[in-house]
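Each chain, written out:
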Amino acid sequence: MTIFIDDQNELHVDYQGITLTCPHCQTLTHVTAVAVPKFDELSRRQPRHVGIVFRCDACGEPVFLKFVARGYGPKRIELAGNYVEIERARENFPLTYLPEEAEGLFKEALTCYTAGCYNAFGAMSRRTAQSLFRELGERGKLDLFDTLQEIRELAELDDDSFGTLRAVLFGSDSDPWPCCSR
Ligand SMILES: [Zn+2]
């Protein structure tokens, strides 16, 4: 994606524009730039990151994105195509079928994921799995393992990703580096 700010303070994004899931209305939608930092100001200070405020085209609420500045030229400031969403949409899962304890743990896991705290997400996912194992017993644990195998096929997971998932969910807490064990 080509994206830059020109010397008239205008943001240019290639024809596809920016599409994301709005953190306010949860719609997959285009966003429109409403507040772009001034070209002169950026050129003078040359920050490594540039923050831009967009408006969700669906609900009109503000969406904040942060870009890495790739280069400062005399006529344009190039930004990297990938960006950080300062506020991310919450992941929504139907949770009503979960036992109360597992539901609480899994909600916390999703909050970690939304915040981009992936190690914390892994740890809370394991807590969720442990709570389910206790609730369902050995038989239930085997069923969940079968379910993970099905997910592996459905999602076409490679061996490394599957190994990590299995270690996070079924590994033991006494293993200090679950993500590295196979
Ligand atoms: Zn929205």
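Considering the coordination of the zinc ion
Step number 1: Ligation of the zinc ion by protein atoms is provided by Cys22 (SG), Cys25 (SG), Cys56 (SG) and Cys59 (SG), these donors lying 2.3 Å from the ion.
Step number 2: What the four donor atoms of the zinc ion show is an angle range of 106 to 116° at the metal, which sorts the shape as tetrahedral.
Step number 3: When the donor residues of the zinc ion are listed from N- to C-terminus, their spacing reads C-x2-C-x30-C-x2-C. Here the residue Cys22 occupies a position in the loop between β3 (18-21) and β4 (28-35), and Cys59 occupies one in the loop between β5 (49-56) and β6 (62-72), the gap between them amounting to 37 residues.

Brief notes about the pattern of salt bridges
Step number 1: As enumerated under the stated definition, the model contains eight salt bridges in all.
Step number 2: The partner of Glu78 in a salt bridge is Arg76, with the nearest N and O atoms 3.3 Å apart.
Step number 3: Take Glu78: its relative accessible area is 26%, and that puts it in the partly exposed class.
Step number 4: For Arg76, a relative accessible area of 34% translates into the label partly exposed.

Here we look at the packing of aromatic side chains
Step number 1: Counted according to the given criterion, the structure contains six aromatic pairs.
Step number 2: Pairing Tyr113 with Tyr118 gives two aromatic rings, centres 5.6 Å apart and planes at 65°, and the pair type is edge-to-face.
Step number 3: Among the residues examined, Tyr113 registers a relative accessible area of 27% and is labelled partly exposed.
Step number 4: Looking at Tyr118, the relative accessible area reads 46%, which means it is partly exposed.
Step number 5: For the cation-ring pair, Arg76 lies above Phe4, with the distance from its terminal atom to the ring centre recorded as 3.6 Å.

Quick notes on the rules
- Residues numbered from 1 in each chain as written.
- Predicted model: local features only at pLDDT ≥ 70, side-chain atom pairs only at ≥ 80, totals over all residues.
- Heavy atoms only, no water.
- Donors = N, O, S within 2.8 Å, 3.2 Å for Na, K, Ca; no water.
- Tetrahedral: all angles 85-135°; square planar, octahedral: opposite > 155°, others 65-115°.
- Helix = DSSP H or I, 4+ residues; strand = E, 2+ residues; numbered from the N terminus.
- Salt bridge = Lys/Arg side-chain N within 4 Å of Asp/Glu carboxyl O.
- Buried < 20%, exposed > 50% of the residue type's maximum accessible area, 1.4 Å probe, protein only.
- Phe/Tyr/Trp six-rings, centres within 6.5 Å; stacked < 30°, edge-to-face > 60°.
- Lys NZ or Arg CZ within 6 Å of the ring centre and 35° of its normal.

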